[in-house]
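Inside the fold
Letter by letter, the chains look like this.
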Amino acid sequence: MQTPHLRLEDSGETFPLTSEVTTVGRGRGVDIALDDPSVSRLHAELVRRGEHVYVSDLGLSTNGTRVNGRPVGRRVLNEGDVLSFGACRTRVGGLAADLADDTAELRRMSAPDLTRRECEVLTALCRPALQQDAFVAPATAKDIADELVVTEAAVKQHLLRLYVKFRIPEGVNRRARLANEVISAGVVRPLPADAEEAVRRAG
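Everything quoted here is computed from the prediction, not taken from an experiment.

Let's talk about the overall build of the protein
Within the protein, the regular secondary structure consists of six helices and 11 strands. Taking all 203 residues of the protein together, 44% fall into the buried category. Contacts spanning at least 24 positions in sequence make up 46% of the contacts within the protein whose residues lie at least 6 apart. For the protein, the exposed area adds up to about 10800 Å²; of that, 49% sits on carbon and sulfur atoms.

A word on the pattern of salt bridges
Opposite charge on two side chains permits pairing when their charged atoms draw close. Per the stated rule, a full pass over the model turns up 11 salt bridges. Of the charged contacts, one joins D146 and K142 as a salt bridge, the two residues approaching to 3.0 Å between their closest N and O atoms. Of this pair, D146 and K142 both sit in helix α3 (residues 141-148), four residues apart, which is roughly one turn of that helix. For K142, a relative accessible area of 46% translates into the label partly exposed. Bridged by salt links that share partners, the residues D57, R116, R117 and E120 form one connected network.

Notes on the sheet that holds strand β9 (residues 74-76)
Read across the open sheet, the five strands follow the order β4-β3-β5-β6-β9; overall the sheet is mixed. Each end of this open sheet is capped by a strand with a single partner; those strands are β4 (32-33) and β9. For strand β3 (residues 21-25) and β4, the ladder comprises two bridges, and the chain directions are parallel. Across the sheet, G25 pairs through a bridge with A33, a residue of β4.

Focus: the pairing of strand β6 (residues 52-57)
Burial of β6 is extensive: six of the six residues sit out of reach of the surface. Alternating positions in β6 separate into two faces, H52, Y54 and S56 on one and V53, V55 and D57 on the other, with burial throughout. Judged from the six bridges that link them, strand β5 (residues 44-49) and β6 form a sheet pairing that is antiparallel. Opposite R49, over in β6, you have H52 as the bridge partner. For β6 and β9, the ladder comprises three bridges, and the chain directions are antiparallel. By the bridge assignment for β9, V55 is matched with R75.

Some points on helix α4 (residues 152-165)
In a regular helix each residue adds 1.5 Å, so 14 residues correspond to 20 Å; α4 covers 20 Å between its end C-alpha atoms and thus fits that length. All of the buried residues in α4 are V155, H158, L159, L162 and Y163. Down the axis of α4, the smallest arc covering the buried residues is 145°, so these residues share one side. Exposed residues pointing more than 90 degrees away from the buried face of α4 are listed as A153 and V164. Just downstream of α4 lies R167, where phi reads positive at about 55°.

Details of the sheet that holds strand β10 (residues 82-85)
Here six strands make up an open sheet; going across it, the order is β2-β1-β11-β10-β7-β8 and the pairing antiparallel. In this open sheet, the two strands that pair with only one neighbour each are β2 (14-16) and β8 (70-72). The mean inter-strand angle of the sheet, taken between neighbouring strand axes irrespective of direction, is 30°. Sheet topology note: the strand β7 (residues 65-67)/β8 ladder contains three bridges and is antiparallel.

What about the packing of aromatic side chains?
Enumeration according to the criterion identifies zero aromatic pairs in this entry. A cation sits over an aromatic face here: R74 above Y54, 4.0 Å from the ring centre.

So, the nonpolar core
Membership of the largest hydrophobic core comes to 23 residues, with the highest contact counts inside it found for L122, I144, F166, L178 and V182. Where this core is concerned, the elements lending two or more residues are α2 (116-130), α3, α4 and α5 (174-184). Sorting elements by how many residues they give to this core places α2 first, with six residues. Residues within four places of F166 in sequence aside, it is in contact with P112, L114, L122, L178, E181, V182 and V187.

Calculation notes
Residues numbered from 1 in each chain as written. Predicted model: local features only at pLDDT ≥ 70, side-chain atom pairs only at ≥ 80, totals over all residues. Heavy atoms only, no water. Helix = DSSP H or I, 4+ residues; strand = E, 2+ residues; numbered from the N terminus. Buried < 20%, exposed > 50% of the residue type's maximum accessible area, 1.4 Å probe, protein only. Contact = heavy atoms within 4.5 Å. Areas by Shrake-Rupley, 256 points an atom, 1.4 Å probe, with all protein chains shown as cover. Salt bridge = Lys/Arg side-chain N within 4 Å of Asp/Glu carboxyl O. Pairing = 2+ DSSP bridges. Expected span 1.5 Å × (residues − 1). Arc of directions from axis to C-beta. Axes fitted to C-alpha atoms, helices over the stretch in contact; angles between N-to-C directions. Phe/Tyr/Trp six-rings, centres within 6.5 Å; stacked < 30°, edge-to-face > 60°. Lys NZ or Arg CZ within 6 Å of the ring centre and 35° of its normal. Core = buried A, V, L, I, M, F, W, Y, C linked by side-chain atoms within 4.5 Å.

Written out as structure tokens, the structure reads:
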């Protein structure tokens, strides 16, 4: 089987996806460096899980990540998908064409499609737990609203949709159960120290 790879549409340059996690951006130290002003320094990650590959926008990019023109926060990729980082277009190759059914099941089970805003809400929700060694309560809806500069009502609507996507039943500690689920699934992970510093400076 071919190695999964990204091919730049402008130049035809190919980047093999051989590592479990491949970082994409314009800054130093990323695995795939794209020299385009619309690409952020640390833009996205491509994650391999067996024969599957998914893209995860890190929430640090100004211009976002799109799959076949649709803005995404996290999405399992299929053979031939057009993956755009800002204005930089690439095409996904090297994936088995007969993985479509498996991919749909993988997406349903462990990597639900998330919008960029949903990823930002999850990151803000889990931030207290990711910044402490000991278990702490996840952020409240008000904390998330303050961080993202949106209304508390909007955050609650996002959380309701996320509970459904991650199949978190009603009951006590629903936010904590959602936070535990997304951290254990690897949807939200601590950023490298230099990336955290970049976020603080940008903020």
